[in-house]
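Remarks on the overall topology
Read off the chains here:
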Amino acid sequence: MYDYAFVTILLAVLALFLLYQNLLSAYKIKHLKKQFNDSEKSYRESLAEHQHLLSQLTDLRDDVQKNLLRDSVTELPARQIFENHLQQVLHESERYHLKFAVLFLNINRFKAINAALGFEVGDTLLKEIGHIVQRCIRKVDIVSRFYGNEFVFVVSQLNKPEAAAYIAKRILDELSKPFHIMNHELFITSNIGIAVFPQDGIEVKTLLKNADTALQQAKSRGPNIFDFYSSELYNLSRRELVLTSSLGSASIFQDFSLHYQPQMDVTDNSIVCMEALLRWQHPDFGLVAPGEFLRFAENSGKILDIGEWVLQTACKQFKAWQSQGFKLKNIAVNISFRQLESPHFSYKVSQLLHDVKMSPECLVLEVTETELLRQIDVIEKNLHMLKHAGVQIAIDDFGTSNMSLLYLSRLLVSQIKIDRTLVQEMMVNSSTDSIVKAVVALAKSLDLTLVAEGVETEKQKEHLLSLGCTLMQGYLFGAPQPATDYAKLKKALEKK
Ligand code: C2E
Ligand code: MG
Ligand code: MG
């Protein structure tokens, strides 16, 4: 009995103990859970705070880096980045035996723009200039602003130093166009100095210094000019470079003029036409012949502006002569295939003739045979439109290329001008004489006006006349001369 009671009590105590244990562990678990939740919450809170701090720190670092890596005004790579890049280009060029150029660009009178129009305009201008340079160089090359109005850039992997000159020229051309900033139209002038690796320096420091020296040389020669540091190394092409560079100058037309050479009808000794021939009085080289500089003008595209100026000047002179009583039938203007390629050329010519009130048939456009053959399919349309507008087309220097005779009718040509080499050779070379005879017969049968060029002697004149060629041009009748009043011209002719 006691045993039974004892066991029951023992069991009850055991049950109570177990219950206590359970309750204790439940409490502990609850407490632990609360502790866990609390620490999880505080962990999350500190994590968020940490992340916030981290993002603040990242922003700060980005700002610092941006200021170190980029110029704040132009957003171009900062000087240090540029110098590192230059160092890399130098290593690569050394390793693979390549040439590259460092170019310094200076914007003239920039301070005056800042002072007159304020920093906002000045800063926007600098930013635009940076964009222009970026557009003109390849993506692998970089440009940076070094000082207030000075930019520096690299042109890597050069085949020949002259390639850097073309880029410099292009940038100067682009920068000479007007800028439109905050309702202001701004015109700037600039200069570029070029130093080439390895001949102008084999270290970053030297190349930068020499490009700067080249810039000072260029500046001393006038606005919108570039120059090489050691220009004497490019003696062969220096003249070409200077001419190309000078052609970029906006004031170039001040140094241009037209000379006129008469075309005579030898049957009555009258002037039927005056041919306008371009002359360039270069500040360094004196008078430069068109045969030399037109090539560069064609390469750079400047020929379009020049051609327009020539056309305008010649047509105005024609009108002036007419008003002085000079009964001149035609004015002849030489044009380049680049003009004939340009889609609006015939429209521009018609517009000009309308503006100066000149009859289209008075204008003869001369295109050389060689130039015609360069892009015959492209220019054919323009030739037809010009013909349709009433303008006459002459093939200049005829007989110097193997032009298919079919083109003569296909291109709606009105005149052919026998090249002066044929005229000069015909007296001494019987096969050349046969060619001249054939050209005379050809012109007759196709009903084309025929002019013989480069007639220098009475014998040549008489021979051409005996073949039936009556229109002639050459030193025998008059060399190209600046435009003079008709009264003076008449007097000079009467003396002959
Ligand atoms: P071209 O149209 O055949 O002009 C005739 C060239 O021969 C001129 O040279 C002229 O000075 C020269 N000449 C004239 N008579 C004689 C002569 O009796 N004997 C000799 N030996 N030469 C004579 P220039 O002025 O140097 O012009 C050379 C070429 O340049 C022109 O040849 C023409 O193709 C081109 N040119 C001239 N002005 C212009 C222009 O405004 N625009 C374009 N696109 N080309 C032009
Ligand atoms: Mg000509
Ligand atoms: Mg000619």
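Structural data are supplied above this passage.
Described in the following lines is the structure provided in the data block. (Residues numbered from 1 in each chain as written. Chains lettered and ligands numbered in written order. Predicted model: local features only at pLDDT ≥ 70, side-chain atom pairs only at ≥ 80, totals over all residues. Heavy atoms only, no water.)

As for the coordination of the magnesium ion (ligand 2)
For the record, the criterion: Only N, O and S atoms count as donors, using a 2.8 Å limit from the metal and a wider 3.2 Å limit for Na, K and Ca, and since water is excluded some coordination spheres may look unfilled. Secondary structure is summarised from DSSP: a helix means a run of H or I of at least four residues, a strand means a run of E of at least two, and numbering begins at the N terminus for each. Any residue under 20% of the maximum accessible area for its type is buried, any over 50% is exposed, and the rest in between are partly exposed; the area is computed with a 1.4 Å probe on protein chains only.
Protein-derived ligands of the magnesium ion (ligand 2) are E275 (OE), N334 (OD1), E366 (OE) and D396 (OD), with the metal-ligand distances lying across 2.0 to 2.3 Å. Spacing between the donor residues of the magnesium ion (ligand 2) along the chain follows E-x58-N-x31-E-x29-D. Distance-wise, the magnesium ion (ligand 3) is placed 4.2 Å from the magnesium ion (ligand 2), both being coordinated by D396. Here E275 is found in strand β9 (residues 270-282), whereas its partner D396 is found in strand β13 (residues 392-398), with 121 residues between them in sequence. The same class applies to E275 and to D396, which are both buried.

Points about a nonpolar patch on the surface
Cut-off, in case you're wondering: A residue counts toward a patch only above 30% relative accessible area and without a salt bridge, and it is joined to like-charged neighbours within 9 Å or, for Val, Leu, Ile, Met, Phe, Trp and Tyr, to nonpolar neighbours within 5 Å. Accessible surface area values rest on a Shrake-Rupley calculation with a 1.4 Å probe, where residue burial reflects the displayed protein chains alone. Salt-bridge detection follows one rule: a side-chain nitrogen of Lys or Arg within 4 Å of a carboxyl oxygen of Asp or Glu.
Where nonpolar side chains cluster on the molecular surface, the patch consists of F6, V7, L10, L11, L14, F17, L18 and Y20 and spans about 840 Å² of accessible area. Considering the arrangement of structural elements, one finds Y20 in helix α1 (residues 2-69).

Things to note about helix α13 (residues 376-389)
Counted only if it meets this: Multiplying one less than the number of residues by 1.5 Å gives the expected span of a helix. Two residues qualify as a contact provided that any one of their heavy atoms is within 4.5 Å of a heavy atom in the partner residue.
Here α13 contains 14 residues, and its C-alpha end-to-end distance of 20 Å stays within 8% of the 20 Å for a straight helix at 1.5 Å per residue. If you check which residues of α13 are buried, you get I376, I379, E380, N382, L383 and L386. On its buried face, α13 sits against α10 (337-341), α11 (345-355), β12 (363-368), α12 (369-374), β13 and α14 (406-410). Just downstream of α13, G390 is the residue with a positive phi angle, here 105°.

Topic: the coordination of the magnesium ion (ligand 3)
Only D396 (OD), D397 (OD), E453 (OE) and E453 (OE) from the protein reach the magnesium ion (ligand 3) as donors, at distances of 1.9 to 2.4 Å. Donor residues binding the magnesium ion (ligand 3) come from one chain and are separated in sequence as D-D-x55-E. We classify D396 as buried; its relative accessible area is 5%. Under the relative-accessibility criterion, E453 is labelled buried at 10%.

Here we look at unusual backbone geometry
Omega for the peptide link from F197 to P198 comes to 5°, which places this bond in the cis form. The topology assignment puts P198 in the loop between β6 (190-197) and α6 (204-220). With a phi angle near 60°, E75 is a residue other than glycine that sits in the positive phi range. Residue position: E75 is located in the loop between α1 and α2 (79-96). One non-glycine residue with positive phi stands out, namely N224, at about 60°. Secondary-structure assignment places N224 in the loop between α6 and β7 (225-228).

What to know about the pairing of strand β14 (residues 415-418)
Which entries qualify depends on this criterion: Strand pairing is assigned whenever DSSP detects at least two bridges linking the two strands.
Residues Q415 and K417 point to one face of β14 and I416 and I418 to the other, with burial holding for every one of them. Sheet analysis places β13 next to β14, joined by three bridges and oriented parallel. Within β14, the residue paired with F398 across the bridge is I418. With four bridges connecting them, β14 and strand β15 (residues 449-452) associate as parallel partners. The residue bridging I416 from the neighbouring strand is L450, located in β15.

What about the site of ligand 1?
We apply this condition: Near residues are defined by distance, with any heavy atom within 4 Å of the molecule or strand qualifying the residue. Whenever two N or O atoms come within 3.5 Å, that pair is a polar contact, provided that in protein one can donate a hydrogen and the other can accept it, and provided that, for residues adjacent in sequence, both atoms are side-chain atoms.
Neighbouring ligand 1 are 24 residues; N334, D396, R420, E456 and Y475 lie closest to it. In this structure, an oxygen atom belonging to ligand 1 sits 2.6 Å away from a side-chain N or O atom of R420. The side chain of E453 places a nitrogen or oxygen atom 3.0 Å from an oxygen atom of ligand 1. Alone, ligand 1 offers 800 Å² of accessible surface; in the complex the protein occludes 84% of this. Of all the secondary structure elements, the ones that give two or more residues to the shell around ligand 1 are β9, α8 (290-300), β12, β13 and α15 (420-425).

Comments concerning the nonpolar core
Applied cut-off: Among buried residues, the Ala, Val, Leu, Ile, Met, Phe, Trp, Tyr and Cys ones that are joined through side-chain atoms within 4.5 Å form a nonpolar core.
Within the largest apolar cluster, 77 residues are counted, with the highest numbers of intra-cluster contacts made by L363 and L365. Top contributing element to this core by residue count: helix α9 (residues 303-323), with nine residues. With sequence-adjacent residues up to four places away left out, L365 is seen in contact with L311, V333, I335, F345, L386, V391, Q392, I393 and A394. By size, the runner-up hydrophobic cluster in this structure holds 36 residues, among which are L105, I132, L172 and I192.

Observations regarding the pattern of salt bridges
Tallied over the full model, the rule gives 16 salt bridges. We note a salt bridge from E40 to R44, for which the minimum N-O separation is 2.9 Å. Here the residue E40 and the residue R44 both occupy positions in helix α1, the gap between them amounting to four residues, near one helical turn. With relative accessibility at 53%, the residue R44 sits in the exposed group. Close ionic contact of K461 with E458 constitutes a salt bridge, the shortest N to O distance being 3.9 Å. One end of the pair, K461, and the other, E458, are both in helix α17 (residues 458-467), three residues apart, so they sit about a helical turn from each other. The class of K461 is buried, set by a relative accessible area of 17%. What makes E458 partly exposed here is its relative accessible area of 45%. Residues participating in the shared-partner salt-bridge network are E275, E366, K417 and E453.

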